[in-house]
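Listed below, chain by chain, are the residues.
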2 protein chains.
Amino acid sequence: MMAQPDQDRSQPADSAGRIVISVDAMGGDAGPAAVVAGMAKSALKNPDLDFILHGPEAQLRRLVERRRGLSGRVRFRNAEGVVHMDDKPSLVLRNGESTSMWSALESVRSGEAASAVSCGNTGALMALSMIRLRKLPGVNRPAIAVLYPALAPRKFNILLDVGADVRAEAHDLLQYALMGASYARNGLGIERPRVGLLNVGTEQHKGRAALREAQELIPQFTESAGFDYVGFVEGSDFTGDVADVIVTDGFTGNIAIKTGEGTARLIATLLREAFRYSTLSRLASFLAITSLRRLQKRIDPRRVNGGVFLGLNGTVVKSHGSADATGVSAAIKLAFQLAKSGFTDRLAARVASAAEVPAETAPRPGTGDQ
Amino acid sequence: MMAQPDQDRSQPADSAGRIVISVDAMGGDAGPAAVVAGMAKSALKNPDLDFILHGPEAQLRRLVERRRGLSGRVRFRNAEGVVHMDDKPSLVLRNGESTSMWSALESVRSGEAASAVSCGNTGALMALSMIRLRKLPGVNRPAIAVLYPALAPRKFNILLDVGADVRAEAHDLLQYALMGASYARNGLGIERPRVGLLNVGTEQHKGRAALREAQELIPQFTESAGFDYVGFVEGSDFTGDVADVIVTDGFTGNIAIKTGEGTARLIATLLREAFRYSTLSRLASFLAITSLRRLQKRIDPRRVNGGVFLGLNGTVVKSHGSADATGVSAAIKLAFQLAKSGFTDRLAARVASAAEVPAETAPRPGTGDQ
């Protein structure tokens, strides 16, 4: 198979090349005020950025009017319904048409916006995205990709899937490798990404059957898709410089990022306790405050936890449910960057190029490993 | 089913109630000198503790003779073979009879030692333990349990399985719950442990089929086995105070602990960089050094990563492969505590009490989820 150049198509934009992002104002823990504050932060930094904002219009207009930087840059779509964090995705699919989440995706579906941002219920957002935007041709299971802080030169690695689907066959893992490599190239500018497959050890004979199959399958596509395959990697490699993209099923990936978050929070708490311990250590923390803030910024989940849904006709960025203005702004920045790069179309081309996998290596969904 | 009191049987011991621990001197990254140094540390703290030491006797005698605290407390078993970190478990099973690892387990099997400690290849140690010590009656899949640093009053939670078996059916997860609760009670003195089941969310409908089955099964045994079941927990709960024991399959558990280790190492590195950043921050680190050392001690994997093999006829403690004297000493301390409590027999009684699970809830191994 020959290497195909990534396609370059124009993205939905206003006149004069402005990028439009569709924003779900509701469903996050911090409420619509934090979302609008995040939009205002992003609008200041990116003059080419406009918004369509979804939610209860009267309330949202009041919030937006208070932010001078948003003046003339926000269109409103009234939606009174809200998807709550504990709503079952299947119910939202049946009854969610009046919600701000549904409406936010509709702007991407219609082509009015280049991508959508939501802080809401991940399961419902993924389910709605699958139904309303539909999967890209050739994609079996879409995936959620996040950035994990790392000691690598680029300061983080890409990890996927972190929870779109609890299952993944070998063929799905191959698609995650292709989608992750495309994200790394178009979103982060890594020309030839290194892709690793998460396992319990780096030896060939380790792990589950689907992993050993994927270990055979993925190297067949490194040339055509322009990435390097580094083989099995371990949980400790998320934070290392072994792979730019780490591929796993959504169950394992979700547990892993939550373990990482919990561990980081534990250390932050213990560090605060340590600095409170004595007069000397309190003085030390005062002297070190700038350095500690720099550290905190580097590993702050609000800055890195904008998950991107990969494998759909349209880009959807899921911000952390508890995101404040900083978190929302980071998610909008990511949506903006991806829209600018024409990411969805480039990804579609990549996946299509691998749709020629022979049938015997592509088991039907729902069989084998769960 | 009625609650059965834990049995109280005597453990293998020398005359005068001394506890004998069987130690594999070889196979760790730091070599036999670190193992003997760790034994010396433990011997100082526990006057009731004696050793049987396995490996190349001439070399080991020289190392032991240099440690005055070990005088008269070590018996030697010559074994010239070494199990290496990358040896395939199946090969060790066939050809490993001359190794120090095999010999170390033999002392437990024969009843000369109460428990065994090894820093060697985890897969080989588990495979050998299963074959030589055999599984407890009623146990389908033994498990490896570790302590995870947490903000709980007891400063850590128990996590299992972290890598004995990459698969686990609902019935295996029930056994992990019973074994983990018994370990928490006898090893850590938690009278009525809270047990949680690791999932990607706490809602009833989430996760894989085996988890939803286990969610039905485990509550049926809380009364007879004397623990509380708190339901689904998430990766962020490892470090929290929601459950004392967190149950998962060995694939997910292994990825999780390695993710935690990697994240902790990342933060430690960034923290060192932060303190090196300016003259002021270098001064701060000098003032805070005691507090930082206290923090490091609390989350040091060498101190908490002594994994315990549960579900076998005999207690085996797997120390971290890169354990130094401190790590080996922590593993020996754990082996000593468990031996003193008569842990293996108490655990056997617990598992036996649950062997009456109706057949339809106990699928055959090797079917369903992988």
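Residues numbered from 1 in each chain as written. Chains lettered and ligands numbered in written order. Predicted model: local features only at pLDDT ≥ 70, side-chain atom pairs only at ≥ 80, totals over all residues. Heavy atoms only, no water.

A. Spotlight on the relation of the copies chain B and chain A. Mapping chain B onto chain A leaves a residual RMSD of 0.0 Å; the transformation is a rotation of 180° accompanied by 0.0 Å of translation along its axis. Within this description, the copies of the chain are treated as partners about a two-fold rotation axis. Considering only C-alpha atoms, the part of chain B nearest the rotation axis is Ala284(B), at 2.1 Å. The residues that chain B uses at the interface reappear at the interface of chain A in 100% of cases, marking a shared surface. (Least-squares fit on C-alpha atoms with pLDDT ≥ 70 in both. Contact = heavy atoms within 4.5 Å.)

B. How the structure looks around the packing of helix α1 (residues 31-45) of chain A against helix α13 (residues 325-340) of chain A. Residues and elements named next belong to chain A. Where α1 contacts α13, the two axes come as close as 7 Å, and the packing angle between them is 50°. Judged by the angle between their axes, α1 and α13 are oblique. Judged by the sense of rotation from one axis to the other, the crossing of α1 with α13 is right-handed. Seen from α1, the contacting residues are Ala34, Val35, Ala37, Gly38, Met39, Lys41, Ser42 and Lys45; seen from α13, they are Ala325, Thr326, Val328, Ser329, Ile332 and Lys333. Its residues assigned to classes, the contact of α1 with α13 comprises seven nonpolar, four polar and three charged. (Axes fitted to C-alpha atoms, helices over the stretch in contact; angles between N-to-C directions. Helix = DSSP H or I, 4+ residues; strand = E, 2+ residues; numbered from the N terminus. Parallel < 35°, antiparallel > 145°, perpendicular 65-115°, else oblique. Left-handed = near helix turned anticlockwise from the far one by under 90°. Nonpolar A, V, L, I, M, F, W, Y, C, P; charged D, E, K, R; others polar.)

C. Quick look at the interface of chain B and chain A. Each side of the interface is counted separately: chain B has 55 residues, and chain A has 55 residues. Both sides together, the interface formed by chain B and chain A hides about 5,100 Å², and carbon and sulfur atoms give 72% of it. By the criterion of area lost to chain A, the three top residues of chain B are Arg208(B), Phe251(B) and Leu287(B), representing 13% of everything that side buries. Note that Asp249(A) is salt-bridged to Arg208(B), the shortest N-O span being 3.0 Å. The tally of links from chain B across to chain A stands at 14 residue pairs in polar contact (both at pLDDT 80 or more). (Buried area = accessible area lost by both parts, 1.4 Å probe. Salt bridge = Lys/Arg side-chain N within 4 Å of Asp/Glu carboxyl O. Polar contact = N/O pair within 3.5 Å; in protein donor to acceptor, adjacent residues only side chain to side chain.)

D. Seen up close, the packing of helix α6 (residues 170-188) of chain B against helix α14 (residues 343-353) of chain B. All names here are of chain B. Their axes nearest at 9 Å, the elements α6 and α14 cross at an angle of 145°. In this structure, α6 meets α14 at a crossing whose hand is right-handed. Here Gln175, Leu178, Met179, Ser182, Tyr183, Arg185 and Asn186 of α6 come into contact with α14, specifically with Phe343, Arg346, Leu347, Arg350 and Val351. The residue inventory of the contact of α6 with α14, partitioned by class, reads six nonpolar, three polar and three charged.

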